[in-house]
Amino acid sequence: MEYLTDALKIKSFDKRIPFDVSFELTHRCNQACIICCRPPSDTYELNTDEVKYVLNKLARYQCLFITFTGGEIFMRNDILDLIDFATDLGFALTLKTNGTLLDDSTIEHIKKCRVMEVHISLLGGRQETHDALTGMKGSFDAVKRVALAMRRKDVEVVIMSPITRGVVEEIESIRTTARQWGVEHIIFSAIIFPSMPADRSIDLYRLTDDELVRFYSTLRRLFGSVDETDIRSFNEKTDVRLLSCTAIQNGFTITPDGTVIPCTSVPIKLGNIIDDEMETILFSEKADGIIDKLQLSATPVCASCIDRIGCLRCPGLAFMENSTFGTVPFEACRHTRAFKAALYTAQ
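The model shown is predicted, which means the values in this text are computed figures rather than measured ones.

From N to C terminus, the chain includes 14 helices and nine strands. Burial statistics for the chain: of 347 residues in total, 50% are counted as buried. Partitioning the contacts of the chain with sequence separation of at least 6, the portion at a separation of at least 24 is 71%. Accessible surface computed for the chain: about 16200 Å², of which carbon and sulfur atoms make up 52%.

What follows is the structure in structure tokens.
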């Protein structure tokens, strides 16, 4: 499946087909997660008819994957209608939610709509940890109830688990907990993005250097990990363009008011999907310029680095850290060093 989607991405580049679109339906949320990077929630939201207009527009432009995200998408009263509409159009639809607002009837509706995946956030392996990080008492129990109910109905659930400082030791309990709920697919991440360019307050929640090594060591022990042979074969079979950021070339993000941006970590306005033609948005001089800046070659230090294949380099992360493109995302460098330390320590 990974090779198939890579091939589709490559074919979409020159035509800039929005192969994969992230649609932020709202910035409102009922939680107050300490690492949340969403903008203020008082922005205008497209109404039901406007969202459907956008979905029809994306369908005409051959979009395949859509992710409904927020904020918390179930804050919208029309969310079930929008899920119906998106799946009826044939999109492979993913829902991102904190899981606290779904009742049994909602879960049954999601099942009937044949949603591809539901991503639910789990911030710790203990109730105390998760509730403290979400700022909402009872949120852990809500996630448990919803995950169990969805798996009973064979809804595909993915646990999204961002790991913050002090939570590394709970990785194994997160996996155990998820499996007890019937969820096998867990995505752990320790890369935490700033909420705005050059904001350093997020450093308080990022893992220390020692914790990062333990993070990757734990993932290697629990799940296995790539080794140098895997990395070499990846380099041989992969189109070089897949080593660069593919934003705009095969997808983008739509904010609640219809603004199109390359992605959440590159919040540069390309246009508005309600008002502007897709070609105007995707083939503008601004879009061309951003695509050039997202390429690996635009950051010579990264392009010549011996770790460029396995690196978690993200030009959006560099932009959010340094307020400009063409710079080194030092947080990615820190992760790569920790990954290598974990890899070679285990050998």
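The next subject is the packing of helix α5 (residues 127–134) against helix α6 (residues 139–152). With their axes 7 Å apart at the nearest point, α5 and α6 run at an angle of 110 degrees to one another. The pairing of α5 with α6 is recorded here as roughly perpendicular in orientation. Across from Gln-127, His-130, Asp-131 and Thr-134 in α5, the residues of α6 making contact are Ser-139, Phe-140, Asp-141 and Val-143.

By size, the foremost hydrophobic cluster in this structure holds 81 residues, and its most contacted members are Phe-23, Leu-58, Phe-68, Leu-95 and Met-150. No other element matches the six residues that α6 contributes to this core.

Tallying each qualifying case throughout the model produces seven aromatic pairs. What links up through ring pairs into an aromatic cluster is the set Phe-215, Tyr-216 and Phe-339.

So, about the packing of helix α8 (residues 209–223) against helix α14 (residues 330–345). As a packed pair, α8 and α14 sit with axes 8 Å apart at the nearest point and diverge in direction by 55 degrees. Viewed along their axes, α8 and α14 adopt a mutual orientation that is oblique. Considering the relative orientation of α8 and α14, their crossing is right-handed. The segment α8 lies against α14, with Asp-209, Leu-212, Val-213, Tyr-216, Ser-217 and Arg-220 engaging Arg-334, His-335, Ala-338, Phe-339, Ala-341, Ala-342 and Leu-343.

Parameters and conventions
- Residues numbered from 1 in each chain as written.
- Predicted model: local features only at pLDDT ≥ 70, side-chain atom pairs only at ≥ 80, totals over all residues.
- Heavy atoms only, no water.
- Helix = DSSP H or I, 4+ residues; strand = E, 2+ residues; numbered from the N terminus.
- Buried < 20%, exposed > 50% of the residue type's maximum accessible area, 1.4 Å probe, protein only.
- Contact = heavy atoms within 4.5 Å.
- Areas by Shrake-Rupley, 256 points an atom, 1.4 Å probe, with all protein chains shown as cover.
- Axes fitted to C-alpha atoms, helices over the stretch in contact; angles between N-to-C directions.
- Parallel < 35°, antiparallel > 145°, perpendicular 65-115°, else oblique.
- Core = buried A, V, L, I, M, F, W, Y, C linked by side-chain atoms within 4.5 Å.
- Phe/Tyr/Trp six-rings, centres within 6.5 Å; stacked < 30°, edge-to-face > 60°.
- Left-handed = near helix turned anticlockwise from the far one by under 90°.

Geometry only, nothing functional implied.
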